[in-house]
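Descriptive structure summary
Each chain, letter by letter, is given below.
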Amino acid sequence: MKYWEFEDAPIKDKIKKPAIKEIAKVFYENETEAYRFSLLLTEVKKRGSLKLKDVPDNIPVSTAKRYLDNAVVFGMLKHEDNRYSVTDRYTRPLRNLAAYIKAWSDAKEEEDLDIVFPSAAKERQRKRGGRGRTPEENGT
């Protein structure tokens, strides 16, 4: 996410004429994925709610389900009674996340990450393929 595009000054201009492209760019870098996501969100907005059987013909139902489910995870849609509809679960959690990140960055306490993440792999992974090392690289 290019956070500077959503700072105070740029957002004042963007919010005057909101576009789905700006939203899709936050979640997808690939233009095809962004297009599909945008098309589905536009359909939900236009219809009020969308069932999978009403998905446009140019997007397979399984692909549409994946994108719509991602929108539910992102907090933009809700999925109830086999219908996807627009919701706003996004504003407050992000504001709260920003406040939490700020509080963490201001805190003076040190954290022991070995205790916080006890089962995390901490060693470097062993090589799983690719070009082998020559004897000179091994130091022999």
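Here the structure is a predicted model, which means the values were calculated and not measured. Sequence order sets the numbering: in each chain, residues are counted from 1 along the sequence as written. A pLDDT threshold of at least 70 governs which residues receive local features in this predicted model, and a stricter bar of 80 or more applies before side-chain atom pairs are shown or counted, although totals over entire chains, interfaces and linings include all residues. Only hydrogens and water are removed before side-chain values are computed, so all heavy atoms of the structure are retained for them.

**Digging into the pattern of salt bridges**
Criterion for a salt bridge: a side-chain nitrogen of Lys or Arg within 4 Å of a carboxyl oxygen of Asp or Glu. All chains considered together, the criterion is met by five salt bridges. Note that Lys 46 is salt-bridged to Glu 43, the shortest N-O span being 3.3 Å. Taken as a pair, Lys 46 and Glu 43 lie in helix α3 (residues 31–47) at a separation of three residues, close to a single helical turn. Among the salt bridges present, the one from Lys 102 reaches Asp 106, with a minimum N-O distance of 3.3 Å. Remark: Asp 106 and Lys 102 occur in helix α5 (residues 91–106); sequence separation between them is four residues, near one turn of the helix. For every residue, the accessible area obtained with a 1.4 Å probe (protein chains only) is divided by the maximum for its type, and the residue is called buried under 20%, exposed over 50%, and partly exposed between those limits. Exposure remark for Asp 106: the relative accessible area of 44% places this residue in the partly exposed category. Salt bridges sharing partners connect three or more residues here, namely Glu 43, Lys 46 and Arg 47. Under the DSSP-based scheme used, a helix requires at least four consecutive residues in state H or I and a strand at least two consecutive residues in state E, with every element numbered from the N terminus.

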